[in-house]
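Geometric and topological summary
Here is how the chains run, residue by residue.
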Amino acid sequence: MSVMKNRAVLRWLVPVTAGVAVIGGGAAVGTFAAGADPALPPRSAAQLLEDLRTSRLDGLSGTVVQRADLGLPPIAALAGQATGNDLAGLVSGTHTLRVWYGGEDRQRLALVDTLGEQDIVRNGRDVWTWNSRENTATHRKLPADAPDRATVPATPADAADRALEAIDPTTAVTVGRTATVAGRDAYELVLTPRDKASLVHQVRIALDAKEHVPLRLQVLADGQDEPAFQVAFTQVDFRTPEADQFRFNPPPGVKVTEATEGERPGPAGKRFEKKDAEKPDVRTVGTGWTTVVVAKIGDAATGGGAKPGADAPDAQMLAGVLGDLPKVSGDWGSGRLLSGKLFSVLLTDDGRVIAGLVTPERLYEAAKG
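Everything numeric in this text was worked out from a predicted model, so none of it was measured.

When pLDDT is averaged along the protein, the result is 77, and 69% of the positions lie at 70 or above. When pLDDT is averaged over each element of the protein, strand 20 (residues 327–330) comes out on top at 96 and strand 1 (residues 21–23) at the bottom at 29. Per-residue pLDDT stays below 50 along residues 75–88; that stretch engages in 33 contacts with residues further than four places along the chain or on separate chains.

Dropping the structure here:
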């Protein structure tokens, strides 16, 4: 819920004059198109960005529906099965979540389906994860210097944070039509990448006309009329939730795991040791919407490096899916390609993972480097 707070996007914000402003010396900023429904006072893109920057949110609760149609194989669902974490499956299908926000250090997220519920609750330095289906819970104590920000990005505001970070001279920023979201009037900010190598056609952010909080975020893929990804409130209440909403008491019979220093809570009661969370050798290529991430992770990138162990069946299942991906090759080498509507991932035979919101051709260019 920290939209626009201490974000680099503010460096590009210039006060609006005569209804028109310029962001970053190159990104066009449009003004509100009259005649949209519902009728709201005209606001320029620069003014809406300023509304975001100066907005104050003490609390809210509501229901969020997330829809993803990324054109991917069922790898996301299999990844969730392999880790025991249904939250990993949020990149596909339709999901309904309940969210509560009581400040930067108090949040709660509940993913509910027909088979059970998964909760993540932060109350001060205490973070709980609970899986009703597995009847397990993990408790973690955050360090005293832990940043005060949302533990799990799950709302349109959290998603907007990431999108707004991309505003630079490669982005055209305009204002679209007004809308009604969760029964509330909203303006719409539209972010359009200029680089045609980006698979993202537009990002549309609906902002509450009164509270200036994002109510909906839509990502449209290039050449598509319907959002490939959308997260939106269907019901929202801007009153601060009661403190009891953020107090988690394990139900009777729940197996509780305490995550010690150097560990982070894992799904379904599993624990990830510090060594499991070590980052691979990662670098980035390019800037803005066409940034490509290159990670060196060893031969396991193509599924050939899975080692036997307690989770070997899950690893073998995931490796089998990766092995079914199309083979590709070129002057950069060879590997397998995972491509969707919004992003591409190249898994090279020499143990690199190269990914971005770009065409496969841009990945091949990065692979040559």
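The description of an aromatic ring pair uses the distance of the two centres, along with the angle that the planes make with each other. This structure, assessed with the given rule, holds three aromatic pairs. Arranged with centres 6.0 Å apart and planes meeting at 50°, the rings of Trp-130 and Phe-248 form a pair that is tilted. Taken together, the residues span a long stretch of sequence, with Trp-130 in strand 7 (residues 126–131) and Phe-248 in the loop between strand 14 (229–237) and strand 15 (255–259) at a distance of 118 residues. Joined through ring pairs, the aromatic side chains of Trp-128, Trp-130 and Phe-248 make up one cluster.

With 52 residues, the main nonpolar core has Leu-189, Leu-191, Val-203, Ile-205, Leu-217 and Leu-342 as its most contacted residues. No other element matches strand 12 (residues 200–208), which puts five residues into this core. In this structure, Val-294, Trp-332, Val-358 and Ala-367 belong to the second largest nonpolar core, which totals twelve residues.

Any two side chains of opposite charge can pair, on the condition that their charged atoms come close. All told, the structure shown has 14 salt bridges when counted by the stated rule. A salt bridge links Arg-239 to Asp-237, with the nearest nitrogen and oxygen atoms 2.5 Å apart. Via salt bridges that share partners, Asp-195, Arg-362 and Glu-365 belong to a single interconnected network.

This part is about the pairing of strand 12. The element strand 12 is largely enclosed, with a buried count of seven among its nine residues. For strand 11 (residues 184–193) and strand 12, the ladder comprises six bridges, and the chain directions are antiparallel. Bridge pairing in strand 12 links Val-190 to Arg-204. Here strand 11 folds back onto strand 12 in antiparallel fashion, the turn holding six residues. Sheet analysis places strand 12 next to strand 13 (residues 214–221), joined by seven bridges and oriented antiparallel. Each residue of the ladder has a partner; that of Ala-206, found in strand 13, is Arg-216. Hairpin connection from strand 12 to strand 13: five residues lie between these consecutive antiparallel strands, with His-212 at a positive phi of about 60°.

Turning next to helix 5 (residues 360–368). The set of residues buried in helix 5 consists of Pro-360, Leu-363, Tyr-364, Ala-366 and Ala-367. Burial along helix 5 is one-sided: seen end-on, the buried residues are contained in an arc of 160°. Turning to helix 5, the residues buried within the fold contact strand 18 (281–285), strand 19 (292–296), strand 20, strand 21 (333–339), strand 22 (344–348) and strand 23 (352–356).

Judged by pairing direction, the sheet is antiparallel, and its six strands sit side by side in the order 18-19-23-22-21-20 without closing on themselves. Looking at strand neighbours, the two that pair on one side only are strand 18 and strand 20, the edges of this open sheet. Neighbour-to-neighbour, the strand axes of this sheet turn through a mean angle of 25°, independent of strand direction. Here four bridges tie strand 20 to strand 21, and the two strands are oriented antiparallel to one another. Within strand 21, the position partnered with Lys-327 by the bridge is Arg-336.

Pairing analysis gives nine bridges linking strand 3 (residues 60–68) to strand 4 (residues 93–101), with the strands arranged antiparallel. Across the sheet, the residue bridging to Val-64 is Leu-97, located in strand 4. Summarising the sheet, strand 4 and strand 5 (residues 106–113) pair through five bridges and their orientation is antiparallel. Its bridge partner lying in strand 5, Leu-97 is registered against Leu-111. Once strand 4 ends, the chain turns through four residues before running back antiparallel as strand 5, passing Gly-103 with a positive phi of about 130°.

A few words on the environment of Gly-335. Relative to the assigned elements, Gly-335 resides in strand 21. On the accessibility criterion, Gly-335 (4% relative accessible area) is buried. Sequence separation between Gly-335 and Asp-349 is 14 residues; the distance between their C-alpha atoms is 4.8 Å. Beyond its immediate sequence surroundings of up to four residues, Gly-335 is in contact with Pro-326, Lys-327, Val-328, Leu-347, Thr-348 and Asp-349.

The next point concerns the side chain of Ser-344. Inspection of the secondary structure puts Ser-344 in strand 22. Separated by 2.8 Å, the side chain of Ser-344 and the backbone oxygen of Val-358 make a polar contact. Those residues in contact with Ser-344, other than ones at most four positions away along the chain, are Leu-199, Leu-338, Ser-339, Ile-354, Ala-355, Gly-356, Val-358, Thr-359, Pro-360 and Leu-363.

Attention now goes to the environment of Asn-123. Summarising the element assignment, Asn-123 is placed in strand 6 (residues 116–123). When the C-alpha positions of Asn-123 and Phe-246 are compared, they lie 5.6 Å apart, and in sequence the two are 123 residues distant. Here Phe-246 takes part through its backbone oxygen, which lies 3.2 Å from a polar atom of the side chain of Asn-123.

Rules of the game
Residues numbered from 1 in each chain as written. Predicted model: local features only at pLDDT ≥ 70, side-chain atom pairs only at ≥ 80, totals over all residues. Heavy atoms only, no water. pLDDT = per-residue confidence, 0-100. Helix = DSSP H or I, 4+ residues; strand = E, 2+ residues; numbered from the N terminus. Contact = heavy atoms within 4.5 Å. Phe/Tyr/Trp six-rings, centres within 6.5 Å; stacked < 30°, edge-to-face > 60°. Core = buried A, V, L, I, M, F, W, Y, C linked by side-chain atoms within 4.5 Å. Buried < 20%, exposed > 50% of the residue type's maximum accessible area, 1.4 Å probe, protein only. Salt bridge = Lys/Arg side-chain N within 4 Å of Asp/Glu carboxyl O. Pairing = 2+ DSSP bridges. Arc of directions from axis to C-beta. Axes fitted to C-alpha atoms, helices over the stretch in contact; angles between N-to-C directions. Polar contact = N/O pair within 3.5 Å; in protein donor to acceptor, adjacent residues only side chain to side chain.

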